[in-house]
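Below are the chains, spelled out letter by letter.
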Amino acid sequence: MNGGSLGMRSGSYGSLLQNQIQQQQQLQNGGAVQTTPLPPPPPGYVIGRKPTKMFKEKESLLYWICKFAGRKRVGMLLLCIISAAVFLWVLYVGKGDAREGVVGRPAFGYDESSYREPLDEYQMKNSSPVMSKNIAYRMKNSSPVISESVAQPPPPPPPPPPRHPCENFVLPPPPADKKRTGPRPCPVCYLPVEEAVALMPKDPSPSPVLKNLTYVYEENLTKVDSFGGSEFGGYPTLEQRANSYDIRESMTVHCGFVKGTKPGRQTGFNLDDSDLFEMEQCHGVVVASAIFANYDVLQQPKNISDAAKENVCFYMFVDEETETYLKKFDDLDNNKRVGLWRIVVVHNLPYNDARRNGKVPKLLLHRMFPNARYSLWIDGKLELVVDPYQILERFLWRKNASFAISRHYRRFDVFKEAEANKAAAKYDNASIDFQIEFYKSEGLTPYSEAKLPITSDVPEGCVIVREHIPISNLFTCLWFNEVDRFTSRDQLSFSTVRDKIRAKTNWTVNMFLDCERRNFVVQGYHNDVVRPPLVGLAVEPPPSVNKLPVWQLQPPPPPAAAEISTTSFLTSPVPRFPAKRSRDRRSGSRHHRKVVAGAKAIDSSY
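Here's what I pulled together on the structure shown here. (Residues numbered from 1 in each chain as written. Predicted model: local features only at pLDDT ≥ 70, side-chain atom pairs only at ≥ 80, totals over all residues. Heavy atoms only, no water.)

**A look at the sheet that holds strand β4 (residues 313-318)**
Thought 1: In spatial order, the strands read β5-β6-β4-β3-β7-β10-β9-β11; together these eight strands make up an open sheet with mixed pairing. Here the strands that pair on one side only, and so sit at the sheet edges, are β5 (337-338) and β11 (510-512).
Thought 2: In this sheet, strand β10 (residues 459-467) lies alongside strand β9 (residues 403-407) in antiparallel orientation, the contact comprising five bridges. By the bridge assignment, Ile405 is partnered in β10 with Ile464.
Thought 3: The strands touched by helix α14 (residues 388-397) within the sheet are β3 (285-291), β4, β7 (374-378), β9, β10 and β11, with β10 carrying the most contacts at an inclination of about 95 degrees. (Pairing = 2+ DSSP bridges. Helix = DSSP H or I, 4+ residues; strand = E, 2+ residues; numbered from the N terminus. Contact = heavy atoms within 4.5 Å. Axes fitted to C-alpha atoms, helices over the stretch in contact; angles between N-to-C directions.)

Written out as structure tokens, the structure reads:
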């Protein structure tokens, strides 16, 4: 390609035609025109090609438009026509978007550069360097497009959770039976066993404040302030007692078994290694009871599901005396089993009082079964007639509780409970008075409606349903310490421990009706072969209480005939003190009952 060809290409064919016309005009006017020779045209090109017909038509149309557009009326007309056309086009585009349901498309047209599909990670990685820069620039400079889309209807609300089958259950009124005035069971709504097992929580319940609980170990015990305690539970001072109620995230407290490295091994309340090994293998639910001094008749659980028989641990703690009786009358086999119960023989009992020995498994099951999640304690005189999973679902899982106990069927006040214990010779009167006076000095007041939602200060402690978490374990540890320091009547110390922990946390106890307790346990008979002696323990007052006398407790006199439980039928009312009106006296019973001296008529309500 040479320079001439470049010059020829840079000029337009229209300009060449115009130069020829000018030259002809100059020749006609007689002027001399100096012409510059043009380069030869390319092959096949015809010099002086006329403009096409389409070109002439375009020029004529443009001429007329320019001629008349300058006029005022014609210009306004053209402007209106163009505006109407634009309006109709926009309206048509908007209706099309609405019909097609395009979301994210602009209502007034859209720009392809701002409405692109997002690039995935694979495209970013596998693109060329130049393409990557273009992609990055495009993503950086792209602006969000504000679009107008048709409002979609709100999604339908989620279906409500399934209602609990017992949600609408209402406790019926007690039957009107004037011949039966004592406490009785009431209906309870239980779930089927399969449904109850399915509702078992997968994770432990939260433990408020307290997360880590450890226990005191003392090989050489020292009694500092000479106030309560024992070789089994230790001798915590009053200062240590006060600190144990200051709930913290990590705590170390007295909780029985203070000697030895493992509960049940050289600690008092000793257990065989084979029994300790089996107890450690219980990882789910444990049902436990105890009979000491051959005081009660062994009761076999009833209505137990196959799931509970396979997965729930049933343990009965006995002493050597009771073991001898079971081998003779209850067919205790070599596998240490009587029916569902695995019999565990306890050696070296820490106390002379059988009732006080029974408080060890009752309140310290979490120490004896370190891997169990839930426990159900029932006194040795009781017969379990409902599946354990149904009881746990009804009183723990349904209520989101970690500790459940029934309230006393009639008494709600600790002071009245103390008087009833003294009237029935449950313990030495002086020891009961001393314990109540000590609690009064700490602020104990009679129960009233001002304590609601707390419904009672007195439990019926023969059944305890609990989950083994740090806060509930602390509660039973401190409750046992009160029993070890004062009298063995745990009903007197229950509310003090509960209220002190409740003051520091939001944790409390589910106290259900006594008639509901009577629905799943039935009271059996005591053995009248051996009556355990009520041995008083020496209790001295604390240094902070100066007005209380110092005494040495003596064994109480033998109980009156009316206080001794027998299996004979009572055919006439038993005289009581103080005397009540005839309508308040208890009628004869065809069943075994313990007669309590000085008690009022039993309320027939639930």
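From this point on, the discussion continues.
**Digging into a nonpolar patch on the surface**
Thought 1: Together, Leu77, Leu78 and Ile81 make up an exposed nonpolar region whose accessible area comes to about 280 Å².
Thought 2: With respect to the secondary-structure elements, Leu77 resides in helix α4 (residues 72-100). (Patch = residues over 30% accessible without salt bridge, like charges linked within 9 Å, V, L, I, M, F, W, Y side chains within 5 Å. Areas by Shrake-Rupley, 256 points an atom, 1.4 Å probe, with all protein chains shown as cover. Salt bridge = Lys/Arg side-chain N within 4 Å of Asp/Glu carboxyl O.)

**Notes on the packing of aromatic side chains**
Thought 1: Counting across every chain of the model gives 24 aromatic pairs.
Thought 2: Consider the rings of Tyr325 and Phe329, whose centres lie 4.6 Å apart with planes at 40 degrees: the pair is tilted. Taken as a pair, Tyr325 and Phe329 lie in helix α11 (residues 320-329) at a separation of four residues, close to a single helical turn.
Thought 3: Clustering of aromatic rings is evident, with ring pairs tying together Phe232, Phe257, Phe269, Phe292, Tyr315, Phe317, Tyr351, Phe369 and Phe480.
Thought 4: In this arrangement the basic side chain of Arg356 is found over the ring face of Tyr351, its NZ or CZ atom lying 5.8 Å from the centre.
Thought 5: Here the basic side chain of Lys500 rests over the ring of Tyr245, its NZ or CZ set 5.3 Å away from the ring centre. (Phe/Tyr/Trp six-rings, centres within 6.5 Å; stacked < 30°, edge-to-face > 60°. Lys NZ or Arg CZ within 6 Å of the ring centre and 35° of its normal.)

**What to know about helix α17 (residues 470-485)**
Side chains three or four residues apart in an α-helix point the same way, a direct result of the helix having 3.6 residues per turn.
Thought 1: With 16 residues, α17 should cover 22 Å at 1.5 Å per step; its first-to-last C-alpha distance of 22 Å lies within 8% of that length.
Thought 2: Within α17, 15 of the 16 residues are buried, which leaves the element mostly enclosed by the surrounding structure. (Expected span 1.5 Å × (residues − 1). Buried < 20%, exposed > 50% of the residue type's maximum accessible area, 1.4 Å probe, protein only.)

**A short note on the pairing of β4**
Thought 1: Burial within β4 is extensive, with six of its six residues counted as buried.
Thought 2: The pairing of β3 with β4 spans six bridges and is parallel. The residue bridging Val286 from the neighbouring strand is Cys313, located in β4.
Thought 3: Examined bridge by bridge, β4 and strand β6 (residues 341-345) share four bridges and lie parallel to one another. When the bridges of β6 are listed, Met316 appears paired with Ile343.

**Some words on the nonpolar core**
Thought 1: Counting residues in each nonpolar core, the largest one holds 52 residues, and the members touching the most others are Phe269, Leu271, Phe317, Phe369, Leu474, Phe475 and Trp479.
Thought 2: By residue number, the principal contributor to this core is α17, which donates eight residues.
Thought 3: Ranked by size, the runner-up nonpolar core spans 40 residues in total, among them Ile304, Leu326, Tyr389 and Trp397. (Core = buried A, V, L, I, M, F, W, Y, C linked by side-chain atoms within 4.5 Å.)

**Focus: the state of the cysteines**
Thought 1: Counting across every chain of the model gives four disulfides.
Thought 2: Paired through a disulfide, Cys255 and Cys477 show a sulfur-sulfur distance of 2.0 Å. Residues Cys255 and Cys477 share a disulfide whose torsion about the S-S bond is about -75 degrees; that sign makes it left-handed. Here Cys255, found in the loop between β2 (250-253) and α9 (273-280), pairs with Cys477, found in helix α17; they are 222 residues apart in sequence, far enough to count as distant.
Thought 3: A relative accessible area of 0% means that Cys477 is categorised as buried.
Thought 4: Two residues, Cys282 and Cys313, share a disulfide whose sulfurs are 2.4 Å apart. Torsion about the S-S bond of the Cys282 and Cys313 cystine: about 115 degrees, corresponding to right-handed handedness. Highlighted residues: Cys282 in the loop between α9 and β3 and Cys313 in strand β4, separated in sequence by 31 residues.
Thought 5: By relative accessible area, Cys282 is classed as buried at 1%.
Thought 6: Residue classification places Cys313 among the buried residues on the basis of a relative accessible area of 16%. (Disulfide = S-S within 2.5 Å.)

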